[in-house]
Every structure is written in C-alpha cells, then in structure tokens.
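Residue-level listing of the chains:
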Amino acid sequence: MTKIPLAPDIIQGLINLRGEIVTAIDLRRTINTKARNSSLNESPMNVVIMTDEAPVSLLVDEIGDVVELDETNLEDPPQTLHPSARRLVDQVYKMDDRLMLILNVSSAMDIDGALKIAS
Amino acid sequence: MEDMDDDFLKEIINELINEANEGLDQLEQDLLALEEDHEDKDVINRIFRTIHTIKGSSGAVGFNKIQNLAHKGETLLDLVRSDVVIVTPELISAQLELMDALRENFADLEANGVENDVDYSELEDKLHAMANPDATPSEDKESAESSSDPEETPESPESIEENEPIDQDSTEEVEVEDKTEETPNVAKKDTPPAKKKAESAPSKTIKESFIKVDVKQLDSLMNMVGELVLARNQIIQQSSSLSDDSLLVGAAQRLNIITSDLQQNMMKTRMQPVESAWTKFPRVVRDLCRDLNKNINLVMEGKETELDRSLIEAIKDPLMHIIRNSCDHGAETKEERAQTSKPDAVSLILRAYHESGLVVIEIIDDGRGVNIEKVKAKAVRNGVITQAQSDAMGEREAANLIFNPGLSTAEQVSNVSGRGVGMDVVKSNIEKIGGSVDLQSEWGKGTNLKIKIPLTLAIIPALIVTSAGERFAIPQMSLLELVRLDGDDVEKSLETVCGTPVYRLRGNLLPLVYLNEQLKLQHSDRDEDGNLKPVNIVVLQAEGVSFGLVVDEINDSEEIVVKPLSKHLKDIACFAGATIMGDGKVALILDTLGIAHTSQVLVNAASEEMLQANQQSTTENGHTETLLLFRLGESSRMAIQLSKVSRIEEFPRDQIQIIRHQSVIQYRDQILTLVDLANYVHGLENVYYNEQETVQVIVYSVGEQSIGIIVSEILDIVEHPLDVGTQADTQGIIGSYTINDYITEVINAEEIMTMVDPQTKRRLA
C-alpha cells in the first residue's frame, strides 16, 4: 500500500489491484473506533467495492462469512440511534444470537461526511 | 413502437442523437460556407441532405416536433436548391437559428428522453414566410430573381411543382420521398434515378471502411496497453539480469518492440484532427462580427493536425476564449479599419501543425495588437511589477504580462465577450495539460499567439525521486535541471533569506522547497552518523518561476502511465495523479504547479524579486514586510501589508450603491462592503471619488468575509521593516514609518475588518 501524504487519516493509501489504482478507506476510522494496532500483526483485509467512478477498497479486520438474509428479519434502525451511527447503518438484521448491522456503503465511502461528523 | 424493447429503443435514440449532433456540426460549417459562396450547389445539396436525414430519422422514432422543425427548414432549403429563393444573410441566420433550436431539442432529448416543450412557432413562421413569399407579389419577385440568372429560369416552375406536396404537410408523401432520397447522394434535379445509385456507390465503400467505437472502449484499451508497457518493463529488467538465457533475451526484445508499436498505434487511434475543437469557431466569429460591427475573415489551416482526444477537449475552451478576445480587442471595427492602410477584412488565422513532438496552434490576427505601454502601466499600477522592472522589460516579456492574473479584474471576467480577460485562466488551463503559451504583438500591426501542447497525456516521461522512503514521479516537462550538493558544499551553498532557504544557481537565487516538509513527511538532514546528508535539488519551473525541490534521492527517468486520483484525493494540490511502477507498487505523481502554489513560491514570486532587489537593506534591518503603498485623499500616504491584500480592483463609480449609509458593490456574486477609512480611523482623510469615473479598491479577505478599502491611488510596493518606527495607539493603525522620505501610516487590516463588521471578531476567534 502506498501512503498518501496530506490525505485525511481515513484514507489509508493506494493499492494496485490488477492494474487499477484503488483508494483504500479505513473502515475503523469511518465508524470512529480506535485505530488498528499495526504492531499486533493485525493486517487488514481489502473489500473492494465498485462505484460509478472507480473501485474503492474498504479496509476491514476480518472477513466472516457469506450469508443469505431473510428479508423478514430485517428492520430499520431505531430512531434513537446516534446521528453519526445512523448515516452508516442502513438496516438491522436480527440473527438468532445477535444483531448484524447492514452498512450503508455509500456513506462509508463519503469522506467529507465522515470528516464533518468527526469534527 | 410500444412493443419495441426499451433498451433497444434507447439505443436507437442515442444513435439518433449522436448522428444528429454530428450532422448539425457539419450543417453549421456548410451554412457558413454557403454564406461565402451562394452558388455552391454541392454545399446546398449537402445541407439539404443533412437536414433531411435528421428529419427522416427523428420522424421514424416518433419525435414529431423535431421532424416538423426540420421539415420547415428543409422546405426552405429545397427552394434554395432549385433557385426559387436566393440566399440572404437573413436566410442563413434563420437556418442557424433553426439549428440551435434542433440542438437544444436533442440536448433535452438526451437529458430527459422526451422532446422539450419550447415554443418555436416564431422561428417556424419566419422560415415559413421565407419559403412562401406572398402569393402574387412573390411570383413577380421569384421570376425577377430567377431572371437574374437566366440559365436557371426554366427549372423554377418545375421545382415549385415538386415542392407542393411538402408544403401541404402530407406525411405520406414525405415518407415516400424519404425513401427515394435515402441514399447519401448529390441529388441533382436533372440526374436520372439510375445515375443516382451509381454515384452513391463509392461513398458507401468509404463508410464501410470506418467503424464507430465507443470512447470508453478506447480508454480501456489504452489502459491495458499501459499495463502491458509496465509488464514489459518488468520483463526487460528481469531478462537483462538473467542474461545467460539467450532465448528469453530474444523474446523480451521482441516483446519490447511489439509493445512499443502497439502503444504507438493505440495512441494513433485516440488521435483526432484538431478540427473537432474548431468547428464552433466560424459561427462564433460570424456572430461576433455582426454584433461588433466588424469584418473578420477567419482562416483555418492545418485542420487535419492530430492530437489526443483528451487534449482536444482541454483546449476547446481556452481557444474559444482567445478567438473571442481577438475578435473583441484585436480586430478593429469597420470604421477604424477603413482609416488604416490594412485590407478591409481583419484576417484571423488559426493554424495548427506538428513541431518536434509537440502540437503548435497559432492564432494570428492583423488587428490593433497589444498596447505594450498600457499593459506595463497597468501592471505597475496593480503592483504586478515595479517601475524599474517595467523600464527594463523587453517588448515580448511585457506583452506576456497579459497572462498575469493581476492584470485581469473580476469585473471583466463576468463579461461574456471578455475584455482582456481571464487570459490568466487560458494560460493556466494550457499549462495544466503540459503546454505553454507565448504572445508576440506589435501595436497597430497585430498579434501572434502561439500555444504548444504535447501530443498526448496518457503516457509521459517522468523523473522518479524518493523522499522519506516513498517514491514520487515528477513530469519531465516541468524539469529544468538536477543539482547535487555533497559534503562541504551542503553547508556552504545553502543560504537563507529571512529563514527561507535559497541556493545560488549560477549567481541567481533559487528558492528551495523541501518535499518532505511540503508533504509533512519525516525529515532529517543528517544521516545516522550525524553527518550532513547530500542534498538533491530538482530544479523545476511553474508558470515561468523556477524553484528547487529538495528530495532525498533521485532515482531514474521512466515512461509512466498517468492515472487519475479518486475524487477523495482531488483536493490535494500537490498531486497530479498516480502511476504503477515496474514493481507493481503505486507511486504518486507530483504536480509542479500545485507544489509551487502550496509552498508559496508562486504567490511570493513578485515579492521575491523585490526581495532580491532590496536584499541590501533587508539584511541590515532584519525582519521586513512587503508593503503596498497608497494615497488617501489629497496627500496622506498609507500602506498595507501586501500579504493581507487579496486583490486590487478598479470599479466603475456608477456600479457603487449605497445601502443603509454603507457603500457596497456587487463583486463575484457577493456584496462587497466598501470602506472609507476616514469613517473608522480617527484623523484620516476622506476619499472623494464623486468626480472620478472609477474607484480603486484594495480587497482584504478573511475566509468568506471581504471588505474593500477605497483608496485614491495605488503608489508602489516596497520592503520595509515594521519594527523600526512609531507604534501607534490609534485603533486600525499599526504605526507610522518613514518610507521613501515620506511619513507613511500602515493600516491594520484585521482591526478595520472587525470595526466594519463586529461579527468577524467572533468568527476569527
């Protein structure tokens, strides 16, 4: 990964994905959790998303599973959700043992929006 | 049509729009050609055919409005074709208007998928009236017109007959006609049908040897060729290190040659004749001629000169600007022209050609030229150059001052036709694509503007450098030279002026910019043992100002494939793009112009020169400020720190309005408060500008907030220390100093701003 000087922290760098230059966005930063500890060998995974313009990579800690969702178990997030979380959570999926949040991909990639919330 | 597949229909409509737009471009040129030569039958026929095709294909997809509009024009053109109606400027104008209407319609069609609901009945009536001069008088008129050209007379009645069905708007008839005339053929009235077919044959074969390709397809091919170039570079590197395998070396060499050929041919397919950027100009010149009462003869040479399509797009607007400028300022009016010994028509030549790997575009007019003295005077008045610099300046250098942003004012930019104007924008747009602009002009004789641009942007030669362990690419076109300082030289040759590092390059001071600092990377000028590291200076040029970029290491020169940065990173001025290096890693491409701006090299260039001139006094007095001197009222000499000045403007007095006892003016879509200093600072003279035509204003901005300080006259720019002098305790004044033998008071712009608008204080805090 090539670091980009002067870029906001959220943007981790540029990667070469089969000849295309992909901007990598740190999902930890967008959801405002603490930064990844690089010394602990926590190398992130790239989830590359095609957008209208160019592909963007979201850096995540771990890839879990591919699951099929049952629409009846989807619900809108509660109104009481904090605004900074609201923009990132599209819907909530009720699993048997826990809840799973459906990420709003376009606002996860919206750097300006994220910076505004952060400040 | 309902049962037609939706996508299929969309495709047909897109095709139709593309074809129509191409047709309309052609039509515009042909109409202008027809205006030149009324008798050119080929042109008349071509015009007729084009509009006929537009009518036919729009009708076939059910766009009746477009069909009807085109039909009105076609009817009139048919009469022209058969010499019933003669070509007049009004007729051409009406046809051009019709084209605009059609263009508008197709644009709306593209945007919304439906025809627009604009009412064109006025235009339709106009066209109809021209096609149907009143029944009885027109008969006389027509025969009179025809008799002026006796050869054609017998044809007239025949053609009128032929046109009757069209006039009745009988669609069926029109459809039938569509079919017979579908062949792109010079359908002369007396040509038998058999011959028509024969004639159409060759044009068909030409059509078959061309195919239309989506631009996206070309772009992606270009990308892939770029990848191939990179892969080739890697293989060549590897094969030379394993040179004992002769088979591999041979194959690598072949791969090398083939890739280069492929790259070149790929470039060629992206090439377009420069003509496509020029199509609008004849129309623009014609319209300007009418509006400005001028007679301009536009000649276009070297239309077929080819350059990359991305560049064609990039030069369109700057060229339009220059052409408009030439017509507006360069060309004299008919009356003025008559008083000179020059030919009646102003000649405006647009010429393109290849020269040593570059495309050169010249715009030459024999109009009144640039008044060098006037430009110089304005440059001095606006503080762009000093009087001394102005005196020493050569003609060519002075003429190029018009590209300086300090010489075009906001009031002028808003004007449509442009008045001297925005030439700085033209220059920066051309430089953005790696080009250069040069202007030569002789007062009274004319102007020659020369633009040089590279053939392509996709693959450029670049210098690879390293700073703080990261690689960066610097486009070769802004590179002047490389300097390396070793050992003792490092300490000896690097000097500072007021803390700004400089290097003496052959006697001239070169401002130094540390890349590590600019990019906020880790930086140390000593190695692990505590010795001074060697200094590598890349001497770069941006907008005529050279500066030295200090990097850790200079690696190599390479051909790189330029890739744009994503929108998240567009705001960082220091980078022009990114590229993939031979080892597969991404490297950022530095933007020379951007670095020059962020490092203040360009902003301070003017004062930098001043700094050099006044260096003697600078070193003696310690900290100095660059001050803009101005006169207030009859005799007060005042000054403001140049760093606080956003712009110097001259407004016409009648544009100033008084709102709630406050003078204001419309400025760049905002309301600018004009400040008479005497109202805020005790003991200052009022500026009485009621007698003057224009008012000089110094604009000072903090963030979004701006105020305009009214002054009587801008005097000069000087370097002066602000710590030697009387500090004032009057609010709004920093202190008074003796500058050039006069007592001069320096104003405190921030304090004045807070006095004018108390809210700013809060905002500043």
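Given the structure is predicted, the values throughout are model-derived calculations rather than measurements.

**With respect to the overall build of chain A**
Consideration 1: When its secondary structure is counted, chain A shows 4 helices and 7 strands.
Consideration 2: Helices and strands appear in chain A in the N-to-C order β-β-α-β-β-β-α-β-β-α-α.
Consideration 3: Here chain A, with 119 residues, has 34% of them falling under the buried criterion.
Consideration 4: When the accessible surface of chain A is totalled, it reaches about 7800 Å², and 49% of it is carbon and sulfur.

**Notes on the overall build of chain B**
Consideration 1: The helix and strand tally for chain B stands at 27 helices and 30 strands.
Consideration 2: Long-range pairs, those at least 24 residues apart, make up 65% of the contacts in chain B with a sequence separation of at least 6.
Consideration 3: By element, 49% of the accessible surface of chain B is carried by carbon and sulfur atoms, the whole surface being about 39600 Å².

**A short note on helix 4 (residues 89-112) of chain B**
Consideration 1: The terminal C-alpha atoms of helix 4 of chain B, which comprises 24 residues, lie 34 Å apart, in line with the 34 Å expected from a rise of 1.5 Å per residue.
Consideration 2: Directly after helix 4 of chain B, the chain includes Gly-113 of chain B, whose backbone phi takes a positive value near 80°.

**Here's the deal with the interface of chain A and chain B**
Consideration 1: On the chain B side, the residues contacting the 19 residues of chain A number 22 residues.
Consideration 2: Approximately 1700 Å² of surface area, both sides summed, lies buried where chain A meets chain B, with 71% of it carried by carbon and sulfur atoms.
Consideration 3: Counting the surface chain A buries against chain B, the share from its top three residues, Pro-5, Leu-6 and Ile-21 of chain A, is 35%.
Consideration 4: If you look at where chain A meets chain B, you find 1 residue pair in polar contact (both at pLDDT 80 or more).
Consideration 5: At the level of secondary structure, the elements contributing two or more residues to the side of chain A that touches chain B comprise strand 1 (11-17) and strand 2 (20-26) of chain A.
Consideration 6: Its residues placed into classes, the side of chain A that touches chain B shows 12 nonpolar, 4 polar and 3 charged.

**Examining helix 2 (residues 41-60) of chain B**
Residue and element names in this part refer to chain B.
Consideration 1: Its 20 residues place the ends of helix 2 28 Å apart at the C-alpha level, agreeing with the 28 Å of an ideal helix rising 1.5 Å per residue.
Consideration 2: Where burial is concerned, most of helix 2 is hidden: 14 out of the 20 residues are buried.
Consideration 3: Following helix 2 by one or two positions, Gly-62 adopts a phi angle in the positive range, close to 90°.

**Here we look at the sheet that holds strand 5 (residues 74-75) of chain A**
All names here are of chain A.
Consideration 1: Strand order across the open sheet formed by 3 strands is 5-6-7, with antiparallel pairing between neighbours. Each edge of the sheet is formed by a strand with only one pairing partner; in this case those strands are strand 5 and strand 7 (99-103).
Consideration 2: Alignment of strand 5 against strand 6 (residues 89-94), held across 2 bridges, turns out to be antiparallel. The residue of strand 6 that forms the bridge with Leu-74 is Tyr-93.

**Looking at the side chain of Lys-342 of chain B**
Residue and element names in this part refer to chain B.
Consideration 1: Tracing the backbone shows Lys-342 in the loop between helix 15 (334-338) and strand 4 (346-355).
Consideration 2: Judged by its relative accessible area of 17%, Lys-342 falls in the buried class.
Consideration 3: Within the local environment of Lys-342, its side chain forms a polar contact with the backbone oxygen of Gly-444, the two atoms lying 2.8 Å apart.
Consideration 4: Contacts of Lys-342, omitting those with residues within four sequence positions, involve Glu-332, Arg-337, Asp-366, Gly-367, Arg-368, Gly-444 and Lys-445.

**Overview of the packing of aromatic side chains**
Residues and elements named next belong to chain B.
Consideration 1: Tallying each qualifying case throughout the model produces 1 aromatic pair over all chains.
Consideration 2: Plain terms: the ring middles of Phe-472 and Phe-575 are 6.4 Å apart, the flat faces sit at 0° to each other, and that makes the pair stacked. Remark: Phe-575 occurs in strand 17 (residues 575-580) and Phe-472 occurs in strand 9 (residues 470-475); sequence separation between them is 103 residues.
Consideration 3: Residue classification places Phe-575 among the buried positions, given a relative accessible area of 6%.

**What to know about the packing of helix 10 (residues 215-241) of chain B against helix 11 (residues 246-270) of chain B**
Residue and element names in this part refer to chain B.
Consideration 1: Between helix 10 and helix 11, whose axes approach to 9 Å, the crossing angle comes to 155°. As the angle between them shows, helix 10 and helix 11 are arranged roughly antiparallel. Seen from above, helix 10 lies across helix 11 with left-handed handedness.

**Some points on the nonpolar core**
Consideration 1: The biggest cluster of nonpolar side chains holds 49 residues, and the ones touching the most others in it are Trp-278, Ile-315, Ile-361, Ile-363, Leu-449, Ile-451 and Ile-453 of chain B.
Consideration 2: Broken down by element, this core gets its largest block of residues, 8 residues, from helix 14 (residues 309-330) of chain B.
Consideration 3: Discounting chain neighbours no more than four positions away, the residues touching Ile-451 of chain B are Leu-319, Ile-322, Val-359, Val-360, Ile-361, Ile-363, Ile-430, Ser-436 and Val-437 of chain B.
Consideration 4: Listed in part, the 45 residues of the second largest apolar core include Val-60 and Met-109 of chain A together with Val-538 and Phe-547 of chain B.

**Considerations on the pairing of strand 3 (residues 45-49) of chain A**
Residue and element names in this part refer to chain A.
Consideration 1: Where strand 3 meets strand 4 (residues 56-60), 5 bridges bridge the pair, whose relative direction is antiparallel. Bridge pairing links Met-45 to Val-60 in strand 4.
Consideration 2: The turn joining strand 3 and strand 4, which pair antiparallel and follow one another in sequence, is formed by 6 residues.

**Digging into the sheet that holds strand 21 (residues 645-652) of chain B**
All names here are of chain B.
Consideration 1: Pairing within the open sheet is mixed, and its 6 strands lie in the order 21-25-26-24-23-22. What marks the edges here is a single partner per strand, and that holds for strand 21 and strand 22 (657-659). Adjacent strand axes in the sheet meet at a mean angle of 40° when their direction is disregarded.
Consideration 2: Taken together, the 7 bridges between strand 21 and strand 25 (residues 694-702) define a ladder with antiparallel strand orientation. Along strand 25, the bridge assignment pairs Val-645 with Tyr-700.

**Looking at unusual backbone geometry**
Residue and element names in this part refer to chain B.
Consideration 1: Of note in the backbone geometry, Ala-468 takes a positive phi value of approximately 50° without being a glycine.
Consideration 2: Positive phi values are uncommon outside glycine, yet Lys-520 reaches one of about 55°.
Consideration 3: Here Lys-520 lies in the loop between helix 22 (515-518) and strand 14 (535-542).
Consideration 4: Look at Lys-520 and you get exposed, because its relative accessible area is 69%.

**Description of the state of the cysteines**
Consideration 1: Per the counting criterion, the structure on display carries 0 disulfides over all chains.
Consideration 2: Among the cysteines around Cys-327 of chain B, which has no disulfide bond, Cys-289 of chain B carries the closest sulfur, lying 6.1 Å off.

**Here's the deal with the packing of helix 14 of chain B against helix 20 (residues 423-432) of chain B**
Residues and elements named next belong to chain B.
Consideration 1: Contact pair helix 14 / helix 20: the axes reach a minimum separation of 9 Å and the direction vectors enclose 150°. Where helix 14 crosses over helix 20, the two elements pack in a sense that is left-handed. Where helix 14 approaches helix 20, its residues Pro-318, His-321, Ile-322 and Asn-325 are matched on the opposing element by Met-423, Val-426, Asn-429 and Ile-430.
Consideration 2: For the contact of helix 14 with helix 20, the class distribution of residues is 5 nonpolar, 3 polar and no charged.

**Considerations on the pattern of salt bridges**
Opposite charge on two side chains permits them to pair, given that their charged atoms come into close proximity.
Residues and elements named next belong to chain B.
Consideration 1: All told, the structure shown has 28 salt bridges over all chains when counted by the stated rule.
Consideration 2: In this structure, Arg-103 engages Asp-25 in a salt bridge whose closest nitrogen and oxygen atoms are separated by 3.0 Å. One end of the pair, Arg-103, is in helix 4; the other, Asp-25, is in helix 1 (residues 6-36), with 78 residues separating them in the sequence.
Consideration 3: What makes Asp-25 partly exposed here is its relative accessible area of 28%.
Consideration 4: The closest approach of N and O atoms between Arg-506 and Glu-481, which form a salt bridge, is 2.6 Å. Here Arg-506, found in the loop between strand 12 (500-505) and strand 13 (508-514), pairs with Glu-481, found in strand 10 (residues 479-485); they are 25 residues apart in sequence, far enough to count as distant.
Consideration 5: For Arg-506, a relative accessible area of 64% corresponds to the exposed category.
Consideration 6: Using a relative accessible area of 24% as the deciding quantity, one classes Glu-481 as partly exposed.

Rules used in this analysis
- Residues numbered from 1 in each chain as written.
- Chains lettered and ligands numbered in written order.
- Predicted model: local features only at pLDDT ≥ 70, side-chain atom pairs only at ≥ 80, totals over all residues.
- Heavy atoms only, no water.
- Helix = DSSP H or I, 4+ residues; strand = E, 2+ residues; numbered from the N terminus.
- Buried < 20%, exposed > 50% of the residue type's maximum accessible area, 1.4 Å probe, protein only.
- Areas by Shrake-Rupley, 256 points an atom, 1.4 Å probe, with all protein chains shown as cover.
- Contact = heavy atoms within 4.5 Å.
- Expected span 1.5 Å × (residues − 1).
- Buried area = accessible area lost by both parts, 1.4 Å probe.
- Polar contact = N/O pair within 3.5 Å; in protein donor to acceptor, adjacent residues only side chain to side chain.
- Nonpolar A, V, L, I, M, F, W, Y, C, P; charged D, E, K, R; others polar.
- Pairing = 2+ DSSP bridges.
- Phe/Tyr/Trp six-rings, centres within 6.5 Å; stacked < 30°, edge-to-face > 60°.
- Axes fitted to C-alpha atoms, helices over the stretch in contact; angles between N-to-C directions.
- Parallel < 35°, antiparallel > 145°, perpendicular 65-115°, else oblique.
- Left-handed = near helix turned anticlockwise from the far one by under 90°.
- Core = buried A, V, L, I, M, F, W, Y, C linked by side-chain atoms within 4.5 Å.
- Disulfide = S-S within 2.5 Å.
- Salt bridge = Lys/Arg side-chain N within 4 Å of Asp/Glu carboxyl O.

Functional significance is not addressed by these values, which are geometric in nature.
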